Amino acid sequence: MNRHAIWAIYRVEMARTVRTLLQSVVSPVISTSLYFVVFGAAIGSRIDQIDGVSYGAFIVPGLIMLSLLTQSISNASFGIYFPKFVGTIYELLSAPVSYLEIVIAYVGAAATKSTAIGLIILATSSLFVPLHIEHPFWMLAFLILTAVTFSLFGFIIGIWAGTFEQLQLVPLLIVTPLTFLGGSFYSIDMLPGIWRTITLFSPVVYLVSGFRWAFFGKADVSLGLSLGMTLAFLFACVAVIAWIFRTGYRLRT
Amino acid sequence: MQPAIAISGVSKTYASGFNALKSVDLDIKHGEIFALLGPNGAGKTTLISIVCGIVNRSSGTVSVNGNDIDRDYRMARSLIGLVPQELTVESFETVRSALTFSRGLFGKPANPALIEQILKDLSLWDKRDAKIITLSGGMKRRVMIGKALAHEPKILFLDEPSAGVDVELRQDMWAMVRRLRESGVTIILTTHYIEEAEEMADRVGVINRGEIVLVENKEELMRKLGRKQLRLELRHPLDAVPQALAGYGLELSADGGTLTYTYDNQSERPGVASLLRDLVTEGIAFRDLDTLNSSLEEIFVNLVRKAS
Ligand SMILES: Nc1ncnc2c1ncn2[C@@H]1O[C@H](COP(=O)(O)OP(=O)(O)O)[C@@H](O)[C@H]1O
Ligand SMILES: [Mg+2]
């Protein structure tokens, strides 16, 4: 294991986060606060409770997930796309590092950052609504698992993307709709029949549901299913990455 | 001993269908400075990129110090430092952190003293905490050299090292290359400047259209380079070169009308003046004469033309 290489990449990636502290941390905090103002206060005042939880508190897990997904994907995709774009990838390709080490370093850095942002949003939320977390361990486990899974997904997008437009395309066209259909702001029981069925195809449903269970002890789908689907998506991403590195897809000509 | 780099039957066809390398065989010896000389588009960068693991080859094998670049890629790659042709640097990093990163990436533990020494050798020490984006092109090139040296490679590739480089950096760079060679580092540089190959290399390989057309010691090339020919058009054809002129190694054309005298700078053969004197003594008259100066440039152009 080339520990020095993993650490070198990880440090550079984290240094970029620190350099762009304002947009990487402050902006999710601001947008979360806005969600609370709009959804929690304006809409929430018309919705009493969902599953015995106040609407303001109910949306906290979904909001964290929303940021976690977008942050994981954008961090990881940018992290590997950027060296491709400016050409510094040559150094990575010529270095004595294994694929596993590259993935650990980039995905690890992206996941660290998005997990931190998730926790910051959690802290921000607690300023708006009283929060009690039923299963803190599982909450953290889902947080990290999701961060890692979607950082892997972002890594794939970063390797696939040939232009900055493409880099934005997947988050815009797929991830945002999936998140909104993923029960972030409502219980999927509240949807009409056909939509309910459609949302069950969104992996985000399972993430949010599991995460919400960790908070309130109640969920749309069972914990086992949540965990299983998340892990399945994780392994799918790992498989794609393994294939990418084996074939040199979009990395080596 | 195994060669520093052994390239055998390496060819490359890009996805576009373009055949950039055609079964290249090449051995690089330990501790030498090897110049890969060829016109733009000859395949120099492609070959280097394959050895360094940046481009996949279509066929053939490459080993570095006996380590196969696929099977023993860690060992092979950790021996190599690469300064690529294009200026590509992480703009927002500082100079020192860029070198520290490269060293770590190649699996070496941090060594601030060594990084300091490299930065000083490259006249970058004053700029150590500057963001790379604020540096001039020449300075960025120095940073790239520093990055390549940060993990103390045993083999250094310099791809078109003097492209767009000012005189000062060129001199610094060559001084550094010589120092590295003295410390046992093998150096491979690519260039399309003949003077550069002449000035720096121990051996020169000429590549054209994806084929190695010549590999030779520089001295050998220099001999060819220094070679001159004097051609004499005779008034009256000769049947044979007269005995008295045997010491000159003259060549007589088939029709007996032209005498060619080949001599070079280092040669022991008597000079042109004495030949002309001896011709007069022998009563051989000539109508015209001209001299040919065969330079490396000419050899190169000939080779390249022949191959195409
Ligand atoms: N990614 C690529 N796809 C297709 N053709 C390429 C690619 N890279 C280089 N080539 C072609 O291969 C040939 C050799 O290129 P290169 O190795 O860069 O030459 P050199 O370094 O000797 O100038 C050129 O004709 C170039 O256009
Ligand atoms: Mg080139």
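Residues numbered from 1 in each chain as written. Chains lettered and ligands numbered in written order. Predicted model: local features only at pLDDT ≥ 70, side-chain atom pairs only at ≥ 80, totals over all residues. Heavy atoms only, no water.

A.B. asks: Give a description of the side chain of K84 of chain A that names residues and reports values.
C.D. replies: All names here are of chain A. Note on placement: K84 falls in helix α3 (residues 55-86). Here K84 occupies a buried position and makes no salt bridge, while the nearest side chain of opposite charge, E165, is found at 13 Å. From its side chain, K84 meets the backbone oxygen of I159 in a polar contact 2.5 Å long. Here A161 takes part through its backbone oxygen, which lies 2.8 Å from a polar atom of the side chain of K84. Leaving out residues up to four positions away in the same chain, K84 has contacts with I89, G158, I159, W160, A161, R250 and L251. (Helix = DSSP H or I, 4+ residues; strand = E, 2+ residues; numbered from the N terminus. Buried < 20%, exposed > 50% of the residue type's maximum accessible area, 1.4 Å probe, protein only. Lys, Arg positive; Asp, Glu negative; His and termini not counted. Salt bridge = Lys/Arg side-chain N within 4 Å of Asp/Glu carboxyl O. Polar contact = N/O pair within 3.5 Å; in protein donor to acceptor, adjacent residues only side chain to side chain. Contact = heavy atoms within 4.5 Å.)

A.B. asks: Provide a residue-level description of the interface of chain A and chain B, including the pertinent values.
C.D. replies: Taken residue by residue, the interface counts 26 residues in chain A and 30 residues in chain B. Summing both partners gives a buried area of about 2500 Å² for chain A against chain B, and 57% of it is carried by carbon and sulfur. A per-residue breakdown of the area chain A buries against chain B is headed by Y90, E91 and P96 of chain A, which together make up 26% of the total. Linking chain A with chain B are three salt bridges. Linking chain A to chain B there are eight residue pairs in polar contact (both at pLDDT 80 or more). The set of elements that each furnish at least two residues to the side of chain A that touches chain B consists of α1 (3-19), α3 and α4 (89-94) of chain A. With eight residues, the top contributor of residues to the side of chain A that touches chain B is α1 of chain A. Tallied by class, residues from the side of chain A that touches chain B come to 12 nonpolar, eight polar and six charged. (Buried area = accessible area lost by both parts, 1.4 Å probe. Nonpolar A, V, L, I, M, F, W, Y, C, P; charged D, E, K, R; others polar.)

A.B. asks: Account for α3 of chain A, with residues named and values stated.
C.D. replies: All names here are of chain A. For α3, spanning 32 residues, the distance from its first C-alpha to its last is 46 Å, which sits close to the expected 46 Å at 1.5 Å a residue. A maximum bend of about 30° is found in α3 at P61. Among the 32 residues that make up α3, 27 are buried, leaving the element largely enclosed by the rest of the structure. (Expected span 1.5 Å × (residues − 1). Bend = angle between axes of the 7 residues up to and from the residue.)

A.B. asks: Explain the packing of aromatic side chains to me, using residue names and the numbers behind them.
C.D. replies: Residue and element names in this part refer to chain A. This structure, assessed with the given rule, holds 18 aromatic pairs over all chains. Aromatic side chains W7 and Y10 sit 6.0 Å apart centroid to centroid with 20° between the ring planes, which places their arrangement in the stacked category. Here the residue W7 and the residue Y10 both occupy positions in helix α1, the gap between them amounting to three residues, near one helical turn. On the basis of relative accessibility, which here comes to 22%, the residue Y10 falls in the partly exposed class. On the basis of an interplanar angle of 45° and a centroid distance of 6.5 Å, the ring pair of W138 and F142 is categorised as tilted. Pair noted here: W138 and F142 are both in helix α6 (residues 136-160), with a separation of four residues, about one helical turn. Overall, W138 belongs to the partly exposed group, its relative accessible area being 28%. With relative accessibility at 0%, the residue F142 sits in the buried group. By the ring-pair criterion, three or more aromatic residues cluster together here, those being Y99, Y106, F155 and F245. (Phe/Tyr/Trp six-rings, centres within 6.5 Å; stacked < 30°, edge-to-face > 60°.)

A.B. asks: Residue-level account of the coordination of the magnesium ion (ligand 2), with values.
C.D. replies: Donor atoms from the polypeptide that coordinate the magnesium ion (ligand 2) comprise T45 of chain B (OG1) and Q85 of chain B (OE1), at 2.0 to 2.2 Å from the metal. With a gap of 40 residues between them, T45 of chain B in helix α1 (residues 44-52) and Q85 of chain B in the loop between β6 (80-83) and α3 (95-105) connect regions that are remote in the sequence. (Donors = N, O, S within 2.8 Å, 3.2 Å for Na, K, Ca; no water.)

A.B. asks: Report on the site of ligand 1, specifying residues and quantitative values.
C.D. replies: Residues and elements named next belong to chain B. By nearness alone, every residue bordering ligand 1 is listed as Y14, S16, F18, A20, P39, N40, G41, A42, G43, K44, T45 and T46. Between G41 and ligand 1, the recorded distance is 2.7 Å, taken from a backbone N or O atom to an oxygen atom. Interatomic distance of 2.5 Å between a side-chain N/O atom of T46 and an oxygen atom of ligand 1. Relative to its unbound accessible surface of 560 Å², ligand 1 loses 67% to contact with the protein. Element by element, the count of residues in the shell around ligand 1 is highest for α1, at three residues. The residue makeup of the shell around ligand 1, split by class, is five nonpolar, six polar and one charged. (Near = heavy atom within 4 Å. Areas by Shrake-Rupley, 256 points an atom, 1.4 Å probe, with all protein chains shown as cover.)

A.B. asks: Now, about the domain arrangement of chain B: what can you tell me, with residues and values included?
C.D. replies: Assigned domains within chain B: domain 1 (5-222) and domain 2 (227-293). Computed over C-alpha atoms only, the centres of domain 1 of chain B and domain 2 of chain B are separated by 47 Å. (Domains from an automatic or database assignment.)

A.B. asks: Provide a residue-level description of the sheet that holds strand β2 (residues 19-28) of chain B, including the pertinent values.
C.D. replies: Sheet architecture is open: four strands sit in the order β2-β1-β4-β5 (chain B), paired in antiparallel fashion. Because the sheet does not close on itself, it has two edges, and the strands there are β2 and β5 (67-68) of chain B. (Pairing = 2+ DSSP bridges.)

A.B. asks: Give a description of the confidence of the model for chain B that names residues and reports values.
C.D. replies: The pLDDT averaged across chain B works out to 89; a share of 92% of its residues lies at or above 70. Predicted complex, confidence summary: ipTM 0.87, pTM 0.84. (pLDDT = per-residue confidence, 0-100.)

A.B. asks: Break down α1 of chain A for me, with residues and values.
C.D. replies: If you check α1 of chain A, its first and last C-alpha atoms are 24 Å apart, about what 17 residues at 1.5 Å a residue would give, namely 24 Å. The complete set of buried residues in α1 of chain A reads A5, I6, A8, I9, V12, E13, R16 and T17 of chain A.

A.B. asks: Provide a residue-level description of the pairing of β6 of chain B, including the pertinent values.
C.D. replies: Residues and elements named next belong to chain B. The alternating pattern of β6 places I80 and L82 on one face and G81 and V83 on the opposite face, and all of these are buried. Pairing of β6 with strand β7 (residues 155-159), which is carried by four bridges, proceeds in the parallel orientation. Bridging from a neighbouring strand, G81 pairs with L156 of β7.

A.B. asks: For unusual backbone geometry, give the residues involved together with the corresponding values.
C.D. replies: Residues and elements named next belong to chain B. Backbone geometry places S123, a non-glycine residue, at a positive phi of 55°. Structurally, S123 can be placed in the loop between α4 (112-121) and α5 (137-149). Take S123: its relative accessible area is 41%, and that puts it in the partly exposed class. With a phi angle near 50°, E160 is a residue other than glycine that sits in the positive phi range. Structurally, E160 is set in the loop between β7 and α6 (167-182). By relative accessible area, which is 3% here, E160 ends up buried.

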